[in-house]
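Here is how the chains run, residue by residue.
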Amino acid sequence: MNTSKFLVESGWKDVTKENNVKDNGLLKALAQLKRADEDKHDEVLRTLDDIAKLATQAKKAKEVVAVQAAAKYLGEMLDAVDAQRRGIEKAKAEHEKEQKAKAAAAKKKDDDEDDDDEESPELLTTKLKPLLKLVARGETMHALVAKSGKKVVVMLSRKPIPPARRKILAEELGGGSTKYYPGTCCLEAGATTFALKAEVAGMAKLIKLALLEQTGLRVNKVKCRGDDGDDDDGGR
């Protein structure tokens, strides 16, 4: 951190000794500024505020008012605090702007990945696997389950799943009469839980098997919640 000579502990220490002025805590605050991590902007700003407060108090003390050299030094110290505060505030604003840009870029990347390969079967395999892992970490995904007979296929997405993607599910099921169950997927009480707008009796075991076949991941516990209540995989 580029620090003014007026914000260095040794400078104020010399002034107090040469002019027989009592320190009111400035030495400690200046030492704290020296130790502060310049990348922790809020911490540095709080320390600068402490220094400004103590320097202002010291400048008003009778013993300091009577010593021109000490009063002048404290005035220079306050100017240095203002200059350094402006520098830190600028650095903080630039850092926050950079972080927002990174977050926006990451979100755009995620959105682009969701938009890629809209008609690709990979949405049910390689692209499903990382989304299922995110659910295990506590994130909520949009879900679409397709069922034909006793077989189901599962699709997850960060964004609402468009109707056009139902074609991928139907093709994976091999055609025939297919029912679709939209909803969400999240982690509840340790169970990968599908909240679906349908009757879900017997669905949990079918979904658990589908996830294993589609991703190779063995989900420990699957639960479904629907119009007819709850259904789970029986813990097996």
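These numbers come from a predicted model, not from an experiment.

Draft legend 1. Quick peek at the overall build of the protein. The number of helices and strands found in the protein is eight helices and six strands. Ordered by position from the N terminus, the helices and strands of the protein form the series α-α-α-α-α-α-β-β-α-β-β-α-β-β. Here the C-alpha atoms of the protein give a radius of gyration of 32 Å, more than 25% beyond the 18 Å that 2.2 N^0.38 yields for 236 residues. Counting only C-alpha atoms and orienting by the principal axes, one finds that the protein spans roughly 95 × 35 × 25 Å. Buried residues in the protein amount to 39% of all 236 residues. Summarising the internal contacts of the protein: among those between residues at least 6 apart in sequence, 62% fall at separations of at least 24. Surface exposure of the protein reaches about 13,800 Å², of which carbon and sulfur atoms provide 49%.

Draft legend 2. Summary view of the nonpolar core. Counting residues in hydrophobic clusters, the biggest one holds 29 residues, and the most contacted among them are Leu-7, Trp-12, Leu-26, Leu-48, Ile-51, Leu-74 and Met-77. Only helix H1 (9-18), helix H2 (26-35), helix H3 (41-60) and helix H5 (68-115) provide two or more residues apiece to this core. Of all the elements, H5 adds the most residues to this core, at nine residues. Those residues in contact with Leu-26, other than ones at most four positions away along the chain, are Trp-12, Ile-51, Leu-54, Ala-55, Ala-58, Leu-74 and Met-77.

Draft legend 3. Representation of the environment of Lys-5 within the structure. Here Lys-5 shows up in the segment before H1. Under the relative-accessibility criterion, Lys-5 is labelled exposed at 63%.

Draft legend 4. Local environment of the packing of H2 against H3. Contact pair H2 / H3: the axes reach a minimum separation of 9 Å and the direction vectors enclose 155 degrees. Relative to H3, the element H2 is oriented roughly antiparallel. For the pair H2 and H3, the crossing hand works out as left-handed. Where H2 approaches H3, its residues Leu-26, Ala-29, Leu-30, Gln-32 and Leu-33 are matched on the opposing element by Val-44, Thr-47, Leu-48, Ile-51, Leu-54, Ala-55 and Ala-58.

Draft legend 5. How the structure looks around unusual backbone geometry. One non-glycine residue, Asn-20, lies in the positive phi region at around 55 degrees. Looking at where Asn-20 falls in the secondary structure, it is placed in the loop between H1 and H2. We note that Ala-189 has phi near 50 degrees; this positive angle belongs to a residue other than glycine. Of the residues examined, Ala-189 reaches a relative accessible area of 87% and is grouped as exposed.

Draft legend 6. Structural detail: H1. Taken as a whole, H1 has its buried residues at Gly-11, Trp-12, Val-15 and Thr-16. Looking down the long axis of H1, one finds its buried residues gathered within 135 degrees of arc, a one-sided arrangement. For H1, the exposed residues set more than 90 degrees away from the buried face come down to Lys-17 and Glu-18. Positive phi appears at Asn-20, one or two residues downstream of H1, with a value of about 55 degrees.

Draft legend 7. Quick peek at the packing of aromatic side chains. Throughout the structure, instances matching the rule amount to two aromatic pairs. When the ring of Phe-6 is compared with that of Tyr-73, the centres are 5.2 Å apart and the planes differ by 65 degrees; the resulting orientation is edge-to-face. Here Phe-6 is found in the segment before H1, whereas its partner Tyr-73 is found in helix H5, with 67 residues between them in sequence. Phe-6 gets classed as buried once you look at its relative accessible area, which sits at 17%. Cluster of aromatic residues (ring-pair linked, three or more members): Phe-6, Trp-12 and Tyr-73.

Draft legend 8. Spatial organisation of the side chain of Thr-47. Relative to the assigned elements, Thr-47 resides in helix H3. Within the local environment of Thr-47, its side chain forms a polar contact with the backbone oxygen of Glu-43, the two atoms lying 3.0 Å apart. In contact with Thr-47, other than residues within four places in its own chain, are Ala-29, Gln-32 and Leu-33.

Draft legend 9. Region of interest: the pattern of salt bridges. A full pass over the atoms with the stated rule returns seven salt bridges. A salt bridge links Lys-223 to Asp-230; the nearest nitrogen and oxygen atoms lie 3.6 Å apart. A single network of salt bridges, built from pairs that share partners, joins Asp-49, Asp-82 and Arg-85.

Draft legend 10. Broad picture of the pairing of strand S6 (residues 229-232). Inspection of the sheet shows strand S5 (residues 222-226) paired to S6 by four bridges, in the antiparallel sense. Its bridge partner being in S6, Gly-226 is matched across the sheet by Gly-229. Counted between consecutive antiparallel strands, the loop separating S5 from S6 contains two residues.

Rules of the game
- Residues numbered from 1 in each chain as written.
- Predicted model: local features only at pLDDT ≥ 70, side-chain atom pairs only at ≥ 80, totals over all residues.
- Heavy atoms only, no water.
- Helix = DSSP H or I, 4+ residues; strand = E, 2+ residues; numbered from the N terminus.
- Rg over C-alpha atoms; globule rule 2.2 N^0.38 Å.
- Buried < 20%, exposed > 50% of the residue type's maximum accessible area, 1.4 Å probe, protein only.
- Contact = heavy atoms within 4.5 Å.
- Areas by Shrake-Rupley, 256 points an atom, 1.4 Å probe, with all protein chains shown as cover.
- Core = buried A, V, L, I, M, F, W, Y, C linked by side-chain atoms within 4.5 Å.
- Axes fitted to C-alpha atoms, helices over the stretch in contact; angles between N-to-C directions.
- Parallel < 35°, antiparallel > 145°, perpendicular 65-115°, else oblique.
- Left-handed = near helix turned anticlockwise from the far one by under 90°.
- Arc of directions from axis to C-beta.
- Phe/Tyr/Trp six-rings, centres within 6.5 Å; stacked < 30°, edge-to-face > 60°.
- Polar contact = N/O pair within 3.5 Å; in protein donor to acceptor, adjacent residues only side chain to side chain.
- Salt bridge = Lys/Arg side-chain N within 4 Å of Asp/Glu carboxyl O.
- Pairing = 2+ DSSP bridges.

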